[in-house]
Amino acid sequence: MGFAGRDLISINDFTNEEIEAVLDLAEEMNSRLEKGEGMELCKGKDMATLFYEPSTRTRGSFERAMHKLGGEVISFAEAKTSSSAAKGETIADTVRVLENYADIIVLRHPWEGAAKVAADYAQVPVINAGDGAHEHPTQTLCDLYTLRREKGKIKGLRVCLWGDLKYGRTVHSLIYALARFGAEVLCAPVQGLDMPEAVLKGIRSEYNCVPCKVKPDDLNSMMGEVDVIYITPFKPYNLALWPDLNAGSPTEINIREALEKTDVVYVTRVQTERRTKVGDTESVESYPIMNGQLLREFKKKPLVMHPLPRVNELAYELDKYPRSVYFRQAAYGVPIRMALIALLLGASELEVPQSRCIGSLLRKIAYERYKEVFGVRCPNPNCVSNHERESRYLVPEFKMLKGEPLTLRCVYCDYETHPPYIASSEWHEGKLENKRYYSSDSFMLGRIKPKNLIIFGSESEAQARGFKRSQYATSPKKVRRGGG
Amino acid sequence: MGFAGRDLISINDFTNEEIEAVLDLAEEMNSRLEKGEGMELCKGKDMATLFYEPSTRTRGSFERAMHKLGGEVISFAEAKTSSSAAKGETIADTVRVLENYADIIVLRHPWEGAAKVAADYAQVPVINAGDGAHEHPTQTLCDLYTLRREKGKIKGLRVCLWGDLKYGRTVHSLIYALARFGAEVLCAPVQGLDMPEAVLKGIRSEYNCVPCKVKPDDLNSMMGEVDVIYITPFKPYNLALWPDLNAGSPTEINIREALEKTDVVYVTRVQTERRTKVGDTESVESYPIMNGQLLREFKKKPLVMHPLPRVNELAYELDKYPRSVYFRQAAYGVPIRMALIALLLGASELEVPQSRCIGSLLRKIAYERYKEVFGVRCPNPNCVSNHERESRYLVPEFKMLKGEPLTLRCVYCDYETHPPYIASSEWHEGKLENKRYYSSDSFMLGRIKPKNLIIFGSESEAQARGFKRSQYATSPKKVRRGGG
Amino acid sequence: MGFAGRDLISINDFTNEEIEAVLDLAEEMNSRLEKGEGMELCKGKDMATLFYEPSTRTRGSFERAMHKLGGEVISFAEAKTSSSAAKGETIADTVRVLENYADIIVLRHPWEGAAKVAADYAQVPVINAGDGAHEHPTQTLCDLYTLRREKGKIKGLRVCLWGDLKYGRTVHSLIYALARFGAEVLCAPVQGLDMPEAVLKGIRSEYNCVPCKVKPDDLNSMMGEVDVIYITPFKPYNLALWPDLNAGSPTEINIREALEKTDVVYVTRVQTERRTKVGDTESVESYPIMNGQLLREFKKKPLVMHPLPRVNELAYELDKYPRSVYFRQAAYGVPIRMALIALLLGASELEVPQSRCIGSLLRKIAYERYKEVFGVRCPNPNCVSNHERESRYLVPEFKMLKGEPLTLRCVYCDYETHPPYIASSEWHEGKLENKRYYSSDSFMLGRIKPKNLIIFGSESEAQARGFKRSQYATSPKKVRRGGG
């Protein structure tokens with residue numbers, strides 16, 4: 001499959017081979033930029049940058065990239081106030097208008113899943129430049145390009161993710177990509193700003209990667225040596241190291257050894273604009289500043305990366321450290337985005353071999369889309385499906401994960417939910433008295449064939465469709481398989 | 001008269017022949033766009049988009065159009081806060097500076113008449129991209145282009161204007177244009193959001209079009225059949241159908257027949273950002289949603305148009321209806337604006353025959369400008385002449401309509417006012433005791449020669465100029481012609 | 001020294017010869033613009049306009065200039081809200097990212113000295129488009145170009161600066177430039193909005209220009225003749241006329257004669273957005289409007305200039321006065337900025353003779369940079385060094401002026417401060433009991449060799465570095481040289 005006309009909403013939209021191809025083309029773009037060679041690949045084309053959230057870096061590098069390709073830009077830098085969204089227009093309508101004025105749309109939006117909605121409705125390619133705390137795939141491409149360019153490879157690199165892993169969308173996209181390319185990842189979050197469970201589960205289910213447990217003794221010995229201030233955010237349960245994609249079983253790790261073997265420290269900013277709970281604020285007080293003293297704990301003199309902007313989490317003294325590559329990382333945004341724009345617009349063509357990416361294969365196996373879902377809403381209040389619903393065009397949609405408990409994953413924002421009731425369409429066609437609904441955690445989940453499964457968000461939804469309560473629907477929490 | 005160097009402030013600035021010429025050129029532009037042919041007509045030219053109100057569609061399509069012509073754009077997307085207007089600069093000054101930085105200025109402004117002020121002061125062409133609730137002529141050109149392209153003609157089409165006809169500036173420009181091109185128009189406003197009297201009177205006085213009365217029986221029978229919710233906004237007194245431009249006398253119409261014969265339904269959004277009165281809010285509760293059920297009342301399967309953005313007034317289910325053309329309508333903004341920019345910049349030239357447009361001729365006859373007006377202000381609080389006056393450069397200016405009562409129409413926003421007092425300059429030159437002022441609705445209005453007429457906004461204005469109260473100035477409401 | 005790669009932060013960054021060269025190139029650009037000749041000098045280059053404050057004129061003319069040179073623009077018109085600054089990014093970080101996306105950066109920022117910080121960190125040229133109330137050098141270039149073009153020369157012109165001379169950054173840059181080019185300047189400020197002492201002292205110390213005193217008799221006779229309202233802002237102590245650069249001694253001037261001989265009146269707007277004190281507001285009530293009546297006091301029919309936007313200080317009736325050149329002045333912004341961009345980008349090259357500019361030489365003599373300064377902060381609360389300090393990268397830095405009292409000038413915003421304590425590094429190396437600190441206004445200032453001078457902002461700073469209080473540190477105000 002070629003790239004022309006496709007969207008980039010999640011880093012998972014591309015196979016590993018496709019990502020490698022983009023990185024290769026970016027490398028070529030970069031050497032032409034360095035030679036000062038002009039490119040006219042996108043002459044006569046317009047790119048719309050539709051930004052509902054602030055940006056210097058991302059918008060700037062996209063616009064630079066389009067200019068370097070000979071194309072033009074139509075800029076909506078303050079889309080929230082300056083565009084028709086101020087009049088209540090839906091995302092779907094906005095992009096169906098904009099597709100007439102631009103050949104490609106770059107969207108940043110505060111709602112999770114917004115870019116997918118835009119891509120679903122626009123006939124021109126849509127690039128996700130950040131949708132809430134969800135994904136930011138072009139940043140991930142820059143990160144991967146930086147890793148490959150500065151370290152020569154991605155597979156086997158030991159990367160420590162440092163800082164706000166909860167709201168930092170860049171690290172969500174990045175951790176998937178690192179897992180796919182076989183890097184080893186150590187999560188070192190600020191206290192209370194851990195990598196979300198959904199992301200960890202996603203990696204576990206899709207890439208068969210299992211978080212490791214830290215041996216208490218090692219942690220204690222480390223705590224005795226390094227400054228307490230810095231160690232507070234480390235909590236055993238969220239220290240996670242994937243030694244290898246192929247290693248399927250949990251192992252215990254040694255934290256000192258982990259830090260000593262780290263090739264790359266990826267520091268992220270606390271996304272204060274996304275935090276709303278009071279409790280979150282306090283944890284920032286004990287935020288560990290990545291500075292010279294702390295960096296010395298990393299014995300391999302790792303690369304220091306940061307998606308920028310930084311606030312206080314990365315000391316300015318590290319700017320002179322030769323392996324601080326965060327400004328180069330920002331610079332690489334231009335060739336990466338040039339490659340991407342040229343490919344999606346069909347201005348550059350690449351032959352990519354049929355995917356053999358383990359990640360993608362696993363994803364296909366891991367779940368199947370299921371359609372008969374009634375009255376279930378995505379539990380993420382910031383999901384686009386919870387904002388656009390009044391317009392009556394955006395119906396919640398889920399993929400069903402394999403296994404138990406019954407789990408639906410929102411196709412927009414990847415949040416998971418466990419709907420309480422199920423029924424079977426087959427029994428319904430049989431005897432009328434069998435038209436009953438059950439608790440989703442009852443033994444019936446295993447008995448109903450997947451193709452017949454009906455899922456309800458509430459009893460009233462089931463009853464509205466003519467189903468009657470079965471004895472296995474009384475008290476979901478108490479009806480276990482063993483009780484069947 | 002050619003197009004180069006002219007402004008487009010009102011759709012009435014162009015004769016019918018000129019509008020047809022613009023549509024023809026847009027058609028040519030469109031076919032070149034479809035062939036992917038590049039145009040360099042405006043290479044080296046800059047267009048400034050000066051937007052004091054939000055816009056995706058209008059600004060986006062203008063910028064796309066300029067790029068497609070090979071020109072450049074200087075964008076002031078948030079002019080209210082990002083430009084010198086934040087420092088208190090007047091419109092006149094802003095455009096006299098901007099004309100040095102751009103070859104053409106596209107202005108959107110919340111004050112009615114603002115675009116006329118800009119055009120009066122700028123030496124480069126000014127295009128009105130919407131001035132308050134007043135006019136939005138390039139939208140009208142898109143609408144006319146859509147009608148002609150989708151239906152093959154404009155004359156004789158039966159167009160139903162649906163929704164907010166009070167604050168929707170697009171329908172104000174459109175209704176004039178439809179009247180001029182001989183379309184038949186049915187107004188179906190939301191309750192309380194009727195087409196403004198000034199617009200209806202303008203059409204009546206300038207195009208000799210008279211609103212029709214609906215026969216009560218037909219209305220009753222219809223009310224018995226269709227959903228009440230939808231029928232509430234219909235009120236007999238504002239149902240208006242002009243069967244033909246030449247038909248000068250009121251006729252009675254049959255509402256069912258009207259709906260059945262409708263070729264085009266033009267739905268508009270409730271302009272919540274322009275409504276300030278509490279009473280307005282309530283009517284929106286009963287706002288009729290144009291959906292599949294309602295559309296079935298229109299038997300001829302009409303085109304469905306909408307200037308977008310929509311909020312709730314147009315159901316998403318109609319997106320799949322083959323004659324819903326609102327997204328195409330938005331797309332046509334590009335060739336229309338290309339044609340317009342190229343013409344006003346003198347990059348394209350067209351020979352247009354001397355106007356024989358009835359509308360324009362009527363307009364010339366209907367009023368003459370009158371200068372001796374003292375102390376009269378435009379009654380529209382949102383008129384530019386009521387905002388810019390403190391700067392001491394913008395003097396209110398009016399045209400006097402023919403006939404009685406004495407009526408002045410604001411040259412900026414087209415609002416009308418009836419000043420209370422008059423005098424004659426001739427008598428003043430005669431005997432001093434004759435230097436008196438009269439009520440404007442006294443018999444004296446008919447006796448003073450138009451060239452001698454002096455108009456006052458108040459008695460003190462008259463007295464300040466040395467006039468004394470006559471016996472026909474005592475109580476304006478009671479002094480009638482018969483009393484003279 | 002060529003221009004390529006340099007920054008323009010202050011008008012003083014250029015020698016007189018360099019300024020003349022820029023004006024010459026602008027003249028050439030202007031004549032090519034008038035002939036409609038295209039220029040492709042900057043094809044393939046991007047200019048970032050990073051505006052943290054509103055602008056029509058400056059941003060518009062920069063963008064026009066870049067387009068006319070064949071280059072592209074990446075626009076951050078609302079940088080405060082739309083860029084990463086909204087997330088707390090420092091100026092240094094922002095420009096180190098942006099330098100990867102643009103070949104030249106144009107910055108407007110509310111903090112004084114912000115442009116210098118940007119230039120210190122960015123590897124691409126930075127142009128100051130206004131930093132708080134500090135400088136606005138490209139406006140000054142436009143002003144000089146206007147003077148030279150409209151009057152044929154600058155030297156010897158008598159220029160009256162009128163209006164808000166306190167917060168109007170344009171006049172701060174302008175007065176330096178006029179002094180350097182040998183124009184004579186009369187300051188006529190609004191009451192309470194005088195030219196800041198720092199600026200007057202700067203001119204005095206660097207150009208050896210001394211403010212003149214007005215003879216009371218002449219002032220009285222003038223006060224008897226002209227409208228009192230207009231005369232109120234004149235206050236003897238800030239009437240300043242420099243008859244010639246070479247005249248080193250104060251002379252008395254005759255105000256009537258000064259007005260009569262004025263070649264140019266430069267009117268400025270009251271910068272209400274920069275005034276915070278309540279007291280300031282009142283003075284604006286008595287603000288003198290420059291109108292026809294007032295202009296008649298200037299017998300030589302002077303040019304009327306204004307940096308625009310105006311509010312109420314310049315009457316619209318003057319727009320028709322043939323020597324009102326403020327709109328032309330705005331127009332000249334395009335060729336001036338074209339020349340500047342082309343030079344800094346190295347697209348145009350000019351041979352400029354080695355500087356023999358008196359101003360620059362004087363500046364070099366007037367102070368030397370001194371590094372051992374501890375605990376001194378810039379007294380200007382709006383200085384960038386008082387905003388960016390929390391980020392721990394921006395250390396306050398000062399130049400020491402020659403002479404007494406001990407004076408440090410902030411390298412960012414040019415504010416001056418008088419630190420209270422000094423010590424010598426030499427004595428410290430000798431006997432330990434001599435490691436003492438002294439009041440800066442004691443006789444010791446003259447005894448310590450400049451190369452050994454250490455400066456402290458407080459006693460605790462001195463004590464923290466091991467110095468002990470000397471007897472000459474007890475009470476600074478009482479210890480005079482004579483007391484030593």
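Look above for the structure.
First things first, this report covers the structure right here in the doc. The shown structure was predicted, so the numbers you read here are calculated from the model rather than taken from an experiment.

**Some words on the relation of the copies chain B and chain C**
Step number 1: With an RMSD of 0.2 Å, the operation that places chain B on chain C is a rotation of 120° combined with a shift of 0.1 Å along the axis. Here the symmetry operator amounts to a three-fold rotation axis.
Step number 2: Taken together, the interface assignments show that only 11% of the residues at the interface of chain B recur at the interface of chain C, consistent with different surfaces on the two copies.

**Considering the interface of chain C and chain A**
Step number 1: In this assembly, 28 residues from chain C lie in contact with 23 residues from chain A.
Step number 2: Put simply, the parts of the chain that give the side of chain C that touches chain A at least two residues each are strand 1 (46-51), strand 2 (72-76), helix 3 (79-82) and helix 4 (91-98) of chain C.
Step number 3: In terms of residue count, helix 4 of chain C provides more of the side of chain C that touches chain A than any other element does, five residues in total.
Step number 4: The residue makeup of the side of chain C that touches chain A, split by class, is ten nonpolar, ten polar and eight charged.

**Description of unusual backbone geometry**
Residue and element names in this part refer to chain B.
Step number 1: The step from Leu-308 to Pro-309 runs through a cis peptide bond, and the omega angle for that step is 0°.
Step number 2: In this fold, Pro-309 is placed in the loop between strand 10 (303-305) and helix 14 (326-331).
Step number 3: Within the chain, Lys-301 stands out as a residue other than glycine whose phi angle is a positive 50°.
Step number 4: Turning to its location among the elements, Lys-301 is positioned in the loop between helix 13 (292-295) and strand 10.
Step number 5: Here Lys-301 falls in the partly exposed class, since 13 other C-beta atoms lie within 10 Å of it.

**A short note on the packing of helix 6 (residues 137-151) of chain C against helix 15 (residues 333-344) of chain C**
Residues and elements named next belong to chain C.
Step number 1: Orientation of helix 6 relative to helix 15, taken along the N-to-C sense of each, is 120°, at an axis distance of 9 Å. The angle between the axes of helix 6 and helix 15 places the two elements in the oblique class. Our pair here, helix 6 against helix 15, has a crossing hand that is right-handed. Of the residues in helix 15, those touching helix 6 at Thr-138, Leu-141, Cys-142 and Tyr-145 are Gly-333, Ile-336, Arg-337 and Leu-340.
Step number 2: Grouping the constituent residues of the contact of helix 6 with helix 15 by class yields five nonpolar, two polar and one charged.

**Some points on the nonpolar core**
Step number 1: Ranked by internal contacts, the top residues of the largest apolar core, which has 394 residues, are Ile-105 and Ile-341 of chain A, Ile-105 and Ile-341 of chain B together with Ile-105, Leu-161 and Ile-341 of chain C.
Step number 2: Sequence-distant contacts of Ile-341 of chain C, that is, excluding residues within four places in its chain, are made with Cys-42, Met-47, Ala-65, Met-66, Leu-69 and Ile-104 of chain C.

Definitions and limits used
Residues numbered from 1 in each chain as written. Chains lettered and ligands numbered in written order. Predicted model: local features only at pLDDT ≥ 70, side-chain atom pairs only at ≥ 80, totals over all residues. Least-squares fit on C-alpha atoms with pLDDT ≥ 70 in both. Contact = placed C-beta atoms within 7 Å. Helix = DSSP H or I, 4+ residues; strand = E, 2+ residues; numbered from the N terminus. Nonpolar A, V, L, I, M, F, W, Y, C, P; charged D, E, K, R; others polar. Buried ≥ 20, exposed ≤ 12 C-beta atoms within 10 Å, placed from the backbone. Axes fitted to C-alpha atoms, helices over the stretch in contact; angles between N-to-C directions. Parallel < 35°, antiparallel > 145°, perpendicular 65-115°, else oblique. Left-handed = near helix turned anticlockwise from the far one by under 90°. Core = buried A, V, L, I, M, F, W, Y, C linked by C-beta atoms within 7 Å.

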